[in-house]
Amino acid sequence: MRPSAQVAVVVPTPAHSELHGPLTYTHDAPLPPGTLVRVPLGRRTVLGIVWDHAPAAPGAATLRAIDEVWSPLPPLDAAWRALVAFAARYYQRSLGEVALAALPPALRTLDAEALARRLARTPSPSGPTAHEAPPALTADQTQALQAIESATRPVLLFGATGSGKTEVYLQAAARTLARDPLAQVLVLVPEINLTPQLLARFQARFGASVVALHSGLTPAQRLRHWLAAHMGQARIVLGTRTAVWASLPRLRLIVVDEEHDPSYKSQEGARYSARDLAVVRAHHLAAAGCRVVLGSATPALETWHAAEQGRYQRIELPVRMGGAHWPALRLVDLRQQPRDTLLAPPLRAALQARLARGEQALLLLNRRGYAPVIACGDCGWKSGCPHCSAYLVYHKRERALRCHHCGHAQPVPRACPTCGNVDLAPLGRGTEQLEEHVVQALAELRRPDGGPVRVGRLDADTARGVGALEQTLAAVHRGELDVLVGTQMVAKGHDFRRITLVAAINPDGALYASDWRAPERLFALLLQAAGRAGRDAAFTAAQGAQPELWVQTSQPDHPLFAALARHDYPGFAAQQLQERRAAGMPPFAHQALLRAEARQLEVALAWLQHAAACADDLPGRPQVTLYAPVPMTLTRVAGVERAQLLLESGSRAALQALLAAWLPHLHALRRTPAGRGVLRWAIDVDPLGY
DNA sequence: AGCACGCCGACT
DNA sequence: GTCGGCGTGCTC
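Residues numbered from 1 in each chain as written. Chains lettered and ligands numbered in written order. Predicted model: local features only at pLDDT ≥ 70, side-chain atom pairs only at ≥ 80, totals over all residues. Heavy atoms only, no water.

Moving on, we come to the overall build of chain A. Secondary structure assignment for chain A yields 20 helices and 29 strands. The C-alpha atoms of chain A give a radius of gyration of 27 Å, which matches the 26 Å a tight globule of 690 residues would have. A buried classification covers 56% of the 690 residues belonging to chain A. The contacts in chain A between residues at least 6 apart in sequence include a share of 77% that link residues at least 24 apart. A total of about 29,300 Å² of accessible surface is found on chain A, and carbon and sulfur atoms cover 53% of it. Once the 73 positive and 57 negative side-chain charges of chain A are each reduced to a mean point, those two points are 3 Å apart. (Helix = DSSP H or I, 4+ residues; strand = E, 2+ residues; numbered from the N terminus. Rg over C-alpha atoms; globule rule 2.2 N^0.38 Å. Buried < 20%, exposed > 50% of the residue type's maximum accessible area, 1.4 Å probe, protein only. Contact = heavy atoms within 4.5 Å. Areas by Shrake-Rupley, 256 points an atom, 1.4 Å probe, with all protein chains shown as cover. Lys, Arg positive; Asp, Glu negative; His and termini not counted. Charge placed at Lys NZ, Arg CZ, Asp CG, Glu CD.)

So, on to the protein's contact with DNA strand C. DNA strand C sits among L19, L23, T24, Y25, P40, L41, G42, G59, A60, T62, L63 and R64. A share of 57% is what sugar and phosphate atoms reach among the atoms of DNA strand C within 4 Å of the protein. One of the backbone nitrogen or oxygen atoms of P40 is found 3.0 Å away from a phosphate oxygen of DNA strand C. Elements with a minimum of two residues in the surface near DNA strand C: strand 2 (23-27) and strand 3 (36-41). Among the elements that make up the surface near DNA strand C, the one with the highest residue count is strand 2 (three residues). Taken together, the residues that form the surface near DNA strand C break down as seven nonpolar, four polar and one charged. (Near = heavy atom within 4 Å. Polar contact = N/O pair within 3.5 Å; in protein donor to acceptor, adjacent residues only side chain to side chain. Nonpolar A, V, L, I, M, F, W, Y, C, P; charged D, E, K, R; others polar.)

Before going further, it helps to spend a moment on the pairing of strand 22 (residues 483-486). On a regular strand, one side chain projects to one face of the sheet and the next to the other, so that they alternate. Burial along strand 22 is two-sided: V483 and V485 and L484 and G486, pointing in opposite directions, are all buried. Bridge count between strand 15 (residues 360-364) and strand 22: four bridges; the pairing is parallel. Paired with L362 across the strands is L484, a residue of strand 22. As defined by bridge partners, strand 21 (residues 455-458) adjoins strand 22 across four bridges and the pair is classed as parallel. In the sheet register, R457 faces strand 22, and the bridge partner there is V485. For the handedness criterion, the β-α-β arrangement of strand 21, helix 13 (residues 468-477) and strand 22 is classed as right-handed. (Pairing = 2+ DSSP bridges. Right-handed = clockwise from strand over helix to strand, strands pointing away.)

Let us look at the UniProt feature "binding site: Zn(2+) 2" (unreviewed entry) in chain A. UniProt tags C385, C388, C403 and C406 as "binding site: Zn(2+) 2" (unreviewed entry). Sequence-wise these annotated residues cover 22 residues; spatially they are packed, their C-alpha atoms never more than 8.8 Å apart. Setting aside residues no more than four positions away along its own chain, C385 makes contact with A390, Y391, L392, C403, C406, H408 and R636. Checked against the element boundaries, C403 lands in the loop between strand 18 (400-402) and strand 19 (409-411). Those residues in contact with C403 that lie beyond four places of it in its chain are C385, C388, L392 and H408. (UniProt positions renumbered as here; feature names shortened; annotations may be inferred.)

Moving on, we get to the sheet that holds strand 6 (residues 68-69). With mixed pairing, the six strands of this open sheet are ordered in space as 5-2-1-4-3-6. Single-partner strands in this sheet number two, and they are strand 5 (64-65) and strand 6. Where strand 1 (residues 5-10) meets strand 4 (residues 44-50), two bridges bridge the pair, whose relative direction is antiparallel. The residue bridging V9 from the neighbouring strand is V50, located in strand 4.

What follows concerns the packing of helix 5 (residues 139-150) against helix 6 (residues 165-179). Helix 6 packs onto helix 5 with a crossing angle of 45 degrees between their chain directions and a minimal axis gap of 10 Å. When the axes of helix 5 and helix 6 are compared, the pair comes out oblique. The handedness of the crossing between helix 5 and helix 6 comes out as right-handed. Contacts between helix 5 and helix 6 involve Q141, A144, L145, I148 and E149 from the first element and E167, V168, Q171, A172, R175 and R179 from the second. Among the residues forming the contact of helix 5 with helix 6, the class breakdown is five nonpolar, two polar and four charged. (Axes fitted to C-alpha atoms, helices over the stretch in contact; angles between N-to-C directions. Parallel < 35°, antiparallel > 145°, perpendicular 65-115°, else oblique. Left-handed = near helix turned anticlockwise from the far one by under 90°.)

The sites that UniProt annotates as "binding site: Zn(2+) 1" (unreviewed entry) are C376, C379, C416 and C419. On the basis of their most widely separated C-alpha atoms, the annotated residues across 44 residues gather in one place, lying no more than 8.6 Å apart. Examined against the element boundaries, C376 turns out to sit in strand 16 (residues 373-376). Here C376 falls in the buried class, since its relative accessible area comes to 4%. Apart from residues lying up to four places away in sequence, C376 is in contact with W381, C416, C419, N421 and L424. Within the element layout of this structure, C379 appears in the loop between strand 16 and strand 17 (393-395). A relative accessible area of 39% places C379 in the partly exposed class.

Attention shifts here to the domain arrangement of chain A. Domains assigned within chain A are domain 1 (5-121), domain 2 (139-319), domain 3 (324-368 + 430-581), domain 4 (372-427) and domain 5 (590-685). For domain 2 versus domain 4, the separation of C-alpha centres amounts to 45 Å. (Domains from an automatic or database assignment.)

If you walk through the whole model with that rule in mind, you get 39 salt bridges. D52 is paired through a salt bridge with R81; the nearest N and O atoms lie 2.9 Å apart. Here D52 is found in the loop between strand 4 and strand 5, whereas its partner R81 is found in helix 1 (residues 78-90), with 29 residues between them in sequence. Note that E167 is salt-bridged to R201, the shortest N-O span being 3.1 Å. Here the residue E167 occupies a position in helix 6, and R201 occupies one in helix 7 (residues 196-206), the gap between them amounting to 34 residues. Looking at R201, the relative accessible area reads 36%, which means it is partly exposed. In the salt-bridge network here, residues are joined through shared partners; they are R330, R354, R357, E359 and E548. (Salt bridge = Lys/Arg side-chain N within 4 Å of Asp/Glu carboxyl O.)

A word on the side chain of D482. Mapped onto the secondary structure, D482 falls in the loop between helix 13 and strand 22. What makes D482 buried here is its relative accessible area of 2%. Of note is the side chain of D482, whose polar atom sits 3.5 Å from the side chain of R447. Among all residues touching D482, those that are not within four sequence positions of it are L355, E359, Q360, A361, R447, P452, V453, R454 and R498.

Our focus in this paragraph is the packing of helix 19 (residues 601-614) against helix 20 (residues 652-669). Where helix 19 meets helix 20, the closest approach of the two axes is 10 Å, and the angle between their N-to-C directions is 140 degrees. Judged on the interaxial angle alone, helix 20 and helix 19 are oblique. Note that helix 19 runs across helix 20; the crossing there is right-handed. Contacts between helix 19 and helix 20 involve W607, H610, A611, A612 and C614 on the former and, on the latter, W662, H665, L666 and L669. Of the residues in the contact of helix 19 with helix 20, the class split is seven nonpolar, two polar and no charged.

Our focus in this paragraph is the state of the cysteines. One pass over the structure, following the stated rule, counts zero disulfides. C376 takes part in no disulfide bond, and the closest cysteine sulfur, belonging to C419, lies 3.6 Å away. Cysteine C416 is unpaired, with the sulfur of C379 as its nearest cysteine sulfur at 3.5 Å. Among the residues examined, C416 registers a relative accessible area of 4% and is labelled buried. (Disulfide = S-S within 2.5 Å.)

What follows concerns helix 20. Spanning 18 residues, helix 20 covers 25 Å between terminal C-alpha atoms, matching the ideal 26 Å at 1.5 Å per step. A maximum bend of about 35 degrees is found in helix 20 at W662, where proline P664 lies one to four positions downstream. Buried residues belonging to helix 20 abut helix 1, strand 25 (590-598), helix 19, strand 26 (624-626), strand 28 (640-649) and strand 29 (678-685). (Expected span 1.5 Å × (residues − 1). Bend = angle between axes of the 7 residues up to and from the residue.)

As structure tokens, this is what we get:
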């Protein structure tokens, strides 16, 4: 058989490669776009995807032949390819990198034979097996459901904890599946291990037609679930941000739960936003009637702004909470307290009173370890990381100093390394110290049954290991722990029945932080944390307890707290948006970052300076502001210096045009003297933090 | 990114 | 005498 057709194939060429379009291969017949193939690339063979158009002039003198065609597998459809093509263009990555990263990693290791074996073992298509009966909806929920069904724009489902968003998702999914016997639904969640309840509820309602897609699965499970989605057997796919890439040939509804959550933004590789791509994906499928629902109690300001402008349709679910009260806000002015106060007297008294009555409490402190740094009182030495521009955190129980950025660990020195002083003191507070402090402060206290108060801690340190997280949460749930101390991970989605007091020990970092998105995140965290209190209305009522949210702060007059006291997200958002508009910040401007890494900071900065110079005269340049290159806030991590250059424009099109035209110049810089010593560089479109 | 080829230091 | 350090270059 003589090769007679030229076929465009997308292969995994990384962003740094200058091969960013499809490559041309030969085959004995044309192949439909979306077909998976194995092709030779250099000295290896790789997985590739047949793409839509063969380039007019292949860039290579001699073309090579496709090795293997995976014909048993249906091609990836046009809508999937459109999503990948959009993301590659928008986030300035190569088509191949995005397309291949969107497939389950295990697929890349298969050959045609192994694939055939696997497909033979896939189960027969399963419809949604009716299990648990859906509960009756409230009037508000019914209205929300109807609005979703008739929506022609993305829907923002704005509703607090306890307003019944999940039931709306479930019934919207049920109606979508009922309307079209082949329809598929995609549900995105921030972190699957923190929301196992949602998966459980979907499985209880829809049975085996629900599959999960997230990084906690084994490679084989992930592949099986991906194939089930691709073959149309899975009717509902529930997963984390990577699930936005799932091949779903009959996708008709996308739900993005907790849409404001920063974990939807990928921070390495292609820096995509799964929430934004979900909106794009639904838009591509608008003609087929696909809807997208973004749900949150504290939407991202970008999303809120889009709703204000009418680009998204806002649907509000009023809080019901089964008659329970919204927690009252109690502020402690830390300026009136001694430095480094952990529990101010009024908070301590409130805590003791609650525990003595048999209620539970949740204490939030966003720093793990015992103290964020140890210092010498004589010479001023501080425990800096040898590889990062950060302090080593003191972990008392481990007797170690640990870097939370590069993983460096060392024993705690007996004496100051510079002056020999043996009196080294921990500075600042972490969850480990808070736990110790709370245990001491409550040692004398007795619960109504006469037992001692039991204190538990939940952070990345105690949650390590299989099931550790679930065990602690279950212990709180069963009432075996009275106080739970932890980082923000305790605020997410858990249902603690008897918690009536939630306290943020010192969240001020977010108010001083140079990160201008910090207030938005803090508001979301505190509102979410407050939602943990008073969940069990019957218990709260029987106790005669008004649930409380305590915040210790040295800025009690910050407008954030006034809005929080009123439980007023719209008010908070209006105030923040006004500030953003005045300062010309997103969502009133569009941003991108060029980041560079090198062994020496000067090298990274100089490269960015050269990069800025090449941007002159490019399309879009007049409408884009390029700021001066600066070191990142955390300059050095694991021995690598990092710097960045911010680009900002009122016009997304101008920014996109500039970035696209800039990329070849940036690649070319690699071969110039300016490129020497630059380890890596990357463009981050719509960056979250910097 | 892989994965080669390609020239200079401490080991079986 | 080799094993191996990562510098530089290529992949239809």
